[in-house]
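Fold and contact review
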Amino acid sequence: VQLQAFGGGLVQAGDSLRLSCAASGLSFSDYAMAWFRQAPGREREFVASISWSGTTTYYQDSVKSRFTISRNNAKNTVSLQMPNLKPEDTAVYYCAAHSSPEGWYHKVPAEYAYWGQGTELTVSS
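Reference entry: report on the structure contained in this document. (Residues numbered from 1 in each chain as written. Predicted model: local features only at pLDDT ≥ 70, side-chain atom pairs only at ≥ 80, totals over all residues. Heavy atoms only, no water.)

1. Here we look at the sheet that holds strand β8 (residues 77-82)
Ordered by their spatial adjacency, four strands build an open sheet running β1-β3-β8-β7, and the pairing between neighbours is antiparallel. For this open sheet the edge positions go to β1 (2-6) and β7 (68-72), each flanked by a neighbour on one side alone. Sheet twist, expressed as the mean angle between neighbouring strand axes with direction ignored, is 15°. Judged from the five bridges that link them, β1 and strand β3 (residues 17-24) form a sheet pairing that is antiparallel. When the sheet's bridge partners are listed, glutamine 2 is paired in β3 with serine 24. (Pairing = 2+ DSSP bridges. Helix = DSSP H or I, 4+ residues; strand = E, 2+ residues; numbered from the N terminus. Axes fitted to C-alpha atoms, helices over the stretch in contact; angles between N-to-C directions.)

Written out as structure tokens, the structure reads:
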């Protein structure tokens, strides 16, 4: 199984960015997917998740009104659209797969079976 996250970079506050994660080696539609992030010196935290069908999404409160998670099961990809970025969004972003197709409500990293390598986002003020 391989999850490859990409799309990070250095942006300014107020900019928009879209992260994507390409999955291979698994039956993608059998997995709920999520994005986590880890800022320097902090624990990895849940950002957003999506059910296998894409019909249910779940967000951390701090990003709920800004970020949008989506997936394309035909292309085995999950994305995170992030408008109006803030310096506090600076972190390494990871995509993760949960072994239950309806496991979207899980927020603890240890509950996810597979992880991507992370893509770094830096938001300057």
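Now that the structure has been shown, the text picks up again.
2. Side note on the packing of aromatic side chains
Under the criterion given, the structure shown has nine aromatic pairs. Centre to centre, the rings of phenylalanine 36 and phenylalanine 46 are 5.8 Å apart; their planes meet at 80°, and the pair counts as edge-to-face. A residue pair is termed long-range when its members are at least 10 positions apart, and phenylalanine 36 in strand β4 (residues 32-38) and phenylalanine 46 in strand β5 (residues 45-50) qualify at 10 residues. Here phenylalanine 36 matches phenylalanine 46 in class, with each residue buried. Arranged with centres 4.9 Å apart and planes meeting at 55°, the rings of phenylalanine 36 and tryptophan 115 form a pair that is tilted. Of this pair, phenylalanine 36 sits in strand β4 while tryptophan 115 is found in strand β10 (residues 114-115), placing the two residues 79 residues apart along the sequence. Assessed through its relative accessible area of 27%, tryptophan 115 is described here as partly exposed. Feature note: the residues Phe36, Phe46, Tyr58, Tyr94, Trp104, Tyr105, Tyr112 and Trp115 constitute an aromatic cluster, connected by ring pairs. Here arginine 44 stacks its cationic end above the ring of tyrosine 94, 3.7 Å away from the centre of that ring. For the cation-ring pair, arginine 44 lies above tryptophan 115, with the distance from its terminal atom to the ring centre recorded as 4.8 Å. (Phe/Tyr/Trp six-rings, centres within 6.5 Å; stacked < 30°, edge-to-face > 60°. Buried < 20%, exposed > 50% of the residue type's maximum accessible area, 1.4 Å probe, protein only. Lys NZ or Arg CZ within 6 Å of the ring centre and 35° of its normal.)

3. Looking at the state of the cysteines
Taken as a whole and assessed by the stated rule, the structure comprises one disulfide. Across a sulfur-sulfur distance of 2.1 Å, cysteine 21 and cysteine 95 are joined as a disulfide pair. Taking the sign of the torsion about the S-S bond as the criterion, the disulfide between cysteine 21 and cysteine 95, at about 55°, is right-handed. Placement of cysteine 21 in strand β3 and of cysteine 95 in strand β9 (residues 91-98) is noted, with a sequence separation of 74 residues between them. A residue is classified by how much of its surface remains accessible, and cysteine 21, at 0% relative accessible area, is buried. The exposure class of cysteine 95 is buried, given its relative accessible area of 0%. (Disulfide = S-S within 2.5 Å.)

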